[in-house]
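Chain residues, written in single-letter form:
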Amino acid sequence: MFDKVLIANRGETALRIHRACRELGIKTVAVHSTADSDAMHVRLADESVCIGPPASRDSYLNMAALISAAEITGADAIHPGIGFLSENVQFAEMVEEHGFEFIGPTAEHIRIMGDKAMAKKTVAGLGMPVIQGSDGGLPDVAAAKKLADKIGYPVLLKAIAGGGGKGMKAVQNVSEMEEAYGLASGEAKAAFGNGELYMEQFLANPRHIEVQLLGDKHGNVVHFGERDCSIQRRHQKVVEEAPSPALNAEERIHVGKLAARTAKLLGYRGLGTIEFLYENGKFFFMEMNTRLQIEHPITEMITGVDLVREQIRVASGAPLSFKQEDIKFNGHSIECRINAEDPDTFAPSPGKITDFHPAGGLGVRFDSAVYAGYKVPPHYDSMIAKLIVHGANRNDCLLRLRRALEETVIDGIKTNLPLHLRIIRDPEFVDGNYTIKWLEEKLSEGL
Ligand code: MV4
């Protein structure tokens, strides 16, 4: 096992990783920008290194500063966390070249899954169902028109280097193709430095269902069931739940096996998630995320497994300590992402938290790195906390979530806590009757 891990992240994510390390007897090194000197992840770590000024590109994305920090402190491994450099091929390679273990998959797996057309081609070759579309990238608009005629409108243009919905455009008919192609390609070029596009048939109203996976360095892979992440706005997840209220027992077993089989054939190691679109009883591969995910706690709540602990263990070379049949599913879990933002306009609301009281009690988990007197800096993501609850079944979980949201106090800044209460009181949400369009449609009708 590692003796010391450098955590190349901040906030709640850094704290989550610190906690897993501490329980494994591993010393931790925090890194921070000058805007984060007073942050909780810095206070709790055994050591800390300032890696640069507030802007992420000068600090949390500064590869040379991170490698130097690991060298100076004598760390054995680097955990990239979530976001920042967690899916950066160059960083994964650099970490290994400097003799540190990268707590994540191989750089090659990150590269394959980062190229969305390559990812699709690769998993389709392993028997994964994919959405009908182009075989790799599109050379030009003429090819796009020709293929769309064959597939049938509407189609979706997607960025090869994409993810998160940037450089994605739906095209309803041939007259829209030229403009949509230019817009999508331009957006992709601006966001990722690569304007290449691919095409898919457009699914009208699917759900987003993803399967949590873990592989070791000895060829073993297990899955931890699915999460339903359909409640999102502008490609930002807002509420997640496990298990999905949309699946029956047969579908649940099917999608878990499908994801685990694919990961095993890929020789995948570390934590990973395969995302599916689910419509009319069918699953289609969407993307694979090659890192820990923000919503991992709901899976931990229904399986009792510390996913970050297991991620660190397998990175150190340990074999999985359980088999698929050892993973037991118990009850229901829902997570609300709490953001420092206006609950109506969604404008960021950084500033000083004057009063702070996290919810507690049986079945309630509050993952956050903020405290009373903490100043939420304006330089980073607005998510400041995750409220995760567990119940014996979905109804008990919803009752507990309402209670926990009602007792949470975060004063001094605006948060989306009122939005969460509106969502979880909505009769359609209570019925589990929602798709990826649900939240934005509800908001436009005045939820
Ligand atoms: C789709 C789709 C419909 N049809 N692909 C959004 C981000 C990127 N990861 C893929 N996305 C989508 N791909 C086809 N062929 C709809 C979406 C989509 C979406 C997916 C998951 C969660 C929320 C979403 C919101 C809008 C669009």
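Residues numbered from 1 in each chain as written. Predicted model: local features only at pLDDT ≥ 70, side-chain atom pairs only at ≥ 80, totals over all residues. Heavy atoms only, no water.

Caption draft 1: Spatial organisation of the domain arrangement of the protein. Here the protein is partitioned into domain 1 (4–85), domain 2 (132–201) and domain 3 (207–444). Here the C-alpha centroids of domain 1 and domain 2 sit 38 Å apart. (Domains from an automatic or database assignment.)

Caption draft 2: Just the environment of Glu-445, in detail. Mapped onto the elements of the fold, Glu-445 is located in the segment after helix 15 (438–444). When the C-alpha positions of Glu-445 and Thr-408 are compared, they lie 27 Å apart, and in sequence the two are 37 residues distant. (Helix = DSSP H or I, 4+ residues; strand = E, 2+ residues; numbered from the N terminus.)

Caption draft 3: The arrangement of the sheet that holds strand 10 (residues 221–233) in detail. Pairing in this open sheet of 8 strands is antiparallel, and the strands run 13-12-9-10-11-14-19-17 from one edge to the other. Looking along the sheet, the strands with just one partner apiece sit at the ends: strand 13 (282–289) and strand 17 (364–368). Strand-to-strand twist in this sheet, taken as the mean axis angle between neighbours without regard to direction, amounts to 25°. (Pairing = 2+ DSSP bridges. Axes fitted to C-alpha atoms, helices over the stretch in contact; angles between N-to-C directions.)

Caption draft 4: A look at the packing of helix 5 (residues 107–114) against helix 6 (residues 116–124). Contact geometry of helix 5 with helix 6 gives a least axis separation of 5 Å together with a crossing angle of 105°. The angle between helix 5 and helix 6 falls in the class roughly perpendicular. From helix 5, Ile-112, Met-113 and Gly-114 reach across to helix 6, where they touch Lys-116, Met-118, Ala-119, Thr-122 and Val-123. (Parallel < 35°, antiparallel > 145°, perpendicular 65-115°, else oblique. Contact = heavy atoms within 4.5 Å.)

Caption draft 5: Structural view of the sheet that holds strand 8 (residues 197–201). Sheet architecture is open: 3 strands sit in the order 7-6-8, paired in antiparallel fashion. The open sheet has two edge strands, strand 7 (169–171) and strand 8, and neither has a second partner. On average, adjacent strands in this sheet sit at an angle of 30° to one another, irrespective of strand direction. Taken together, the 5 bridges between strand 6 (residues 155–159) and strand 8 define a ladder with antiparallel strand orientation. Bridging from a neighbouring strand, Ala-159 pairs with Leu-197 of strand 8. The sheet strands contacting helix 6 are strand 6 and strand 8, and the helix crosses strand 8 at an angle near 50°.

Caption draft 6: Main features of the nonpolar core. Core analysis: the largest hydrophobic core is formed by 37 residues, its most contacted members being Ile-231, Leu-387, Ile-410, Ile-423 and Phe-429. Among the elements of the structure, strand 11 (236–242), strand 14 (332–339), strand 17, strand 19 (383–391), helix 12 (394–407), helix 13 (417–425) and helix 15 are those that each provide at least two residues to this core. Excluding its chain neighbours within four sequence positions, the residues that come into contact with Phe-429 are Ile-231, Val-239, Glu-241, Arg-394, Leu-398, Ile-423, Ile-424, Tyr-434 and Trp-438. Membership of the second largest hydrophobic core comes to 28 residues, among which are Ala-14, Phe-224, Ile-327 and Met-383. (Core = buried A, V, L, I, M, F, W, Y, C linked by side-chain atoms within 4.5 Å. Buried < 20%, exposed > 50% of the residue type's maximum accessible area, 1.4 Å probe, protein only.)

Caption draft 7: Up close: the site of the ligand. Near the ligand you find 16 residues, and of these Lys-158, Glu-200, Gln-201, Leu-203 and Glu-287 are the closest. In this structure, a nitrogen atom belonging to the ligand sits 3.0 Å away from a main-chain N or O atom of Leu-203. Note that a nitrogen atom of the ligand is positioned 2.7 Å from one of the side-chain N or O atoms of Glu-287. Burial of the ligand by the protein chains amounts to 89% of its free accessible area of 530 Å². Elements with a contribution of two residues or more to the shell around the ligand: strand 6, strand 8 and strand 13. Residues of the shell around the ligand, tallied by class, amount to 8 nonpolar, 5 polar and 3 charged. (Near = heavy atom within 4 Å. Polar contact = N/O pair within 3.5 Å; in protein donor to acceptor, adjacent residues only side chain to side chain. Areas by Shrake-Rupley, 256 points an atom, 1.4 Å probe, with all protein chains shown as cover. Nonpolar A, V, L, I, M, F, W, Y, C, P; charged D, E, K, R; others polar.)

Caption draft 8: Region of the structure containing empty space enclosed by the protein. Evaluation of the coordinates by the stated rule reveals 2 cavities of 30 Å³ or more. Taken as a whole, the largest cavity holds about 60 Å³ of empty space. Lining of the largest cavity is provided by Phe-102, Ile-103, Gly-104, Gly-215, Asp-216, Lys-217, Arg-269, Gly-270, Gln-311, Val-314 and Ala-315. Ranked by the residues each element gives to the lining of the largest cavity, the list is headed by helix 11 (residues 307–315), at 3 residues. Here the lining of the largest cavity is built from residues that sort into 4 nonpolar, 4 polar and 3 charged. Within this model, the second largest cavity holds a volume of roughly 40 Å³. Lining the second largest cavity, in full, are Ile-7, Ala-14, Leu-15, His-18, Thr-28, Ala-30, His-41 and Ala-45. When residues of the lining of the second largest cavity are traced back to their parent elements, those giving at least two are helix 1 (11–23) and strand 2 (27–33). Top contributing element to the lining of the second largest cavity by residue count: helix 1, with 3 residues. (1 Å grid on protein atoms, 1.4 Å probe; cavity = no way out; pocket = protein on both sides within 12 Å on 5 of 7 lines; lining within 4 Å. Points joined across faces, edges and corners; volume = space filled by probe spheres on them.)

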